[in-house]
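This is what each chain is made of:
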Amino acid sequence: MKFALINGSKIEATKGAKGVCPSCGSELIAKCGEFKINHWAHKGVHNCDPWWENETEWHRLWKNNFPVAWQETPLLDQLTGEKHIADVKTEHGVVIEFQHSPINAQERMAREKFYMNMIWIVDGARLKKDYPRFCKGRNDLRATQKKGLFIIDFPDECFPSSWLASSVPVIFDFRGVASIDDPGDIRHGLYCLFPRHSSGHFFLAAIPRTSLIVNLLNGNFPIKLASTDSVKQIEVMKPSGSFRRRESPYYLERGRWKRRRHL
Ligand SMILES: [Zn+2]
């Protein structure tokens, strides 16, 4: 963890320091070594929050965009007594979870259910194949009347399948901690996949990095995406280029649906 409580204040780890966990109240020991980023650890092996993941430089870079008071916010479900530490909770009530390591569908759903009003920011630079897949898949995006908003017909060709069923916006950061000199590189931007819309479409927003952060700071993100009615307003402009259809992964053989082998 980045912060422990010392005399009630959120303090970062320094060699030899001791503090208290803001969530469970147990003692935390400062870990300041060569290999891992400076952090606080519970005395035992485990963090009191089973959802906690060891932090990387990428986590810290993201957290530092937000006020200290919003970072590592302990949250309690009054009914069940369940406790978790949100990476960031804005004063507008939005929880931001930064996800570097893989996450299984069960835990993803549990976290979405617990935090409710949340977004994910996913490290898209961890796996080598994620960015090339996105580059290829984005050729098929269809523009809408809203600048920066696209319809994505084949989200599985752009993003890891584990995120497609998410019930909250998932923002992919393909730059990670790399410094990229070319100012025109698309990895400077962020790509937000919205939960499947009631119309059955998936929408993708391309958002400049600074504008996402500013909008989270001032409470203007997540935007409410069109309800069923207003999809008509977003109405798809003429598809750019030819409209691609994809072969179904299933075929009918003697009255039974079978999955094609090559897909
Ligand atoms: Zn704790």
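Definitions and cut-offs
Residues numbered from 1 in each chain as written. Predicted model: local features only at pLDDT ≥ 70, side-chain atom pairs only at ≥ 80, totals over all residues. Heavy atoms only, no water. Donors = N, O, S within 2.8 Å, 3.2 Å for Na, K, Ca; no water. Tetrahedral: all angles 85-135°; square planar, octahedral: opposite > 155°, others 65-115°. Helix = DSSP H or I, 4+ residues; strand = E, 2+ residues; numbered from the N terminus. Buried < 20%, exposed > 50% of the residue type's maximum accessible area, 1.4 Å probe, protein only. UniProt positions renumbered as here; feature names shortened; annotations may be inferred. Pairing = 2+ DSSP bridges. Contact = heavy atoms within 4.5 Å. Axes fitted to C-alpha atoms, helices over the stretch in contact; angles between N-to-C directions. Salt bridge = Lys/Arg side-chain N within 4 Å of Asp/Glu carboxyl O. Phe/Tyr/Trp six-rings, centres within 6.5 Å; stacked < 30°, edge-to-face > 60°. Lys NZ or Arg CZ within 6 Å of the ring centre and 35° of its normal. Domains from an automatic or database assignment. Buried area = accessible area lost by both parts, 1.4 Å probe. Polar contact = N/O pair within 3.5 Å; in protein donor to acceptor, adjacent residues only side chain to side chain. Nonpolar A, V, L, I, M, F, W, Y, C, P; charged D, E, K, R; others polar.

Caption draft 1: Inspection of the coordination of the zinc ion at higher detail. On the protein side, the zinc ion has Cys 21 (SG), Cys 24 (SG), His 42 (NE2) and Cys 48 (SG) as donor atoms, found 2.0 to 2.3 Å from it. Classification of the site at the zinc ion rests on its four donor atoms, whose angles at the metal span 105 to 114 degrees, yielding the label tetrahedral. Every donor residue of the zinc ion comes from the same chain, spaced as C-x2-C-x17-H-x5-C. With a gap of 21 residues between them, Cys 21 in the loop between β3 (18-20) and β4 (27-31) and His 42 in strand β5 (residues 39-42) connect regions that are remote in the sequence. Residue classification places His 42 among the buried positions, given a relative accessible area of 9%.

Caption draft 2: View of the UniProt feature "domain: Competence protein CoiA-like N-terminal" (unreviewed entry) in the chain. Residues annotated by UniProt as "domain: Competence protein CoiA-like N-terminal" (unreviewed entry) correspond here to residues 19-49. Annotation note: span residues 19-49, helix share 0%, strand share 35%, distance between end C-alpha atoms 17 Å.

Caption draft 3: Layout of the sheet that holds strand β12 (residues 170-173). As summarised here, the arrangement of the nine strands in space is β6-β7-β8-β9-β12-β13-β14-β11-β10, forming an open sheet in which the pairing is mixed. If you trace the sheet from one side to the other, it starts and ends with β6 (71-76) and β10 (142-143), each paired once. Here helix α2 (residues 105-115) sits on the sheet in contact with β6, β7 (83-89), β8 (95-99) and β9 (118-123), set at roughly 145 degrees to β9.

Caption draft 4: Examining the pattern of salt bridges more closely. Enumeration according to the criterion identifies twelve salt bridges in this entry. Across the salt bridge formed by Glu 27 and Lys 43, the nearest N and O atoms sit 3.4 Å from each other. Of the two residues, Glu 27 is situated in strand β4 and Lys 43 in the loop between β5 and α1 (57-63); the sequence distance between them amounts to 16 residues. If you follow the salt bridges from partner to partner, you end up with Glu 55, Arg 60, Lys 63 and Glu 72 in one network.

Caption draft 5: Structural context of the packing of aromatic side chains. Taken as a whole and assessed by the stated rule, the structure comprises 14 aromatic pairs. With a centroid separation of 6.3 Å and an interplanar angle of 90 degrees, the aromatic rings of Trp 58 and Phe 98 are classed as edge-to-face. Remark: Phe 98 occurs in strand β8 and Trp 58 occurs in helix α1; sequence separation between them is 40 residues. Members of the aromatic cluster, joined through ring pairs, are Tyr 131, Phe 134, Phe 159, Phe 172, Phe 174 and Tyr 191. We note Lys 10 situated over the ring of Phe 3; from NZ or CZ to the ring centre the distance is 5.5 Å.

Caption draft 6: A look at the pairing of β6. Relative to β7, β6 is paired through five bridges, and the arrangement is antiparallel. In the strand pairing of β7, Thr 73 is matched with Ala 86.

Caption draft 7: The domain arrangement of the chain, seen in detail. Split into domains, the chain comes out as domain 1 (1-48) and domain 2 (52-238). For domain 1 versus domain 2, the distance between C-alpha centres works out to 28 Å. Contact residues are listed per partner, giving twelve residues for domain 1 and 15 residues for domain 2. Across the domain 1 to domain 2 interface the summed buried area is about 1,200 Å²; carbon plus sulfur atoms make up 55%. Among the residues of domain 1 in contact with domain 2, Lys 2, Ser 23 and Ile 37 are the three that bury the most area, contributing 45% of the side total. Where domain 1 meets domain 2, there are zero salt bridges. The interface formed by domain 1 and domain 2 contains nine residue pairs in polar contact (both at pLDDT 80 or more). The residue makeup of the side of domain 1 that touches domain 2, split by class, is five nonpolar, four polar and three charged.

Caption draft 8: Here's a closer look at unusual backbone geometry. With omega at 0 degrees, the peptide bond leading from Phe 221 into Pro 222 counts as cis. In this structure, Glu 72 is a non-glycine residue whose phi angle is positive, near 50 degrees. By secondary structure assignment, the location of Glu 72 is in strand β6. Positive phi, normally seen in glycine, also occurs at Met 116, with a value near 55 degrees.

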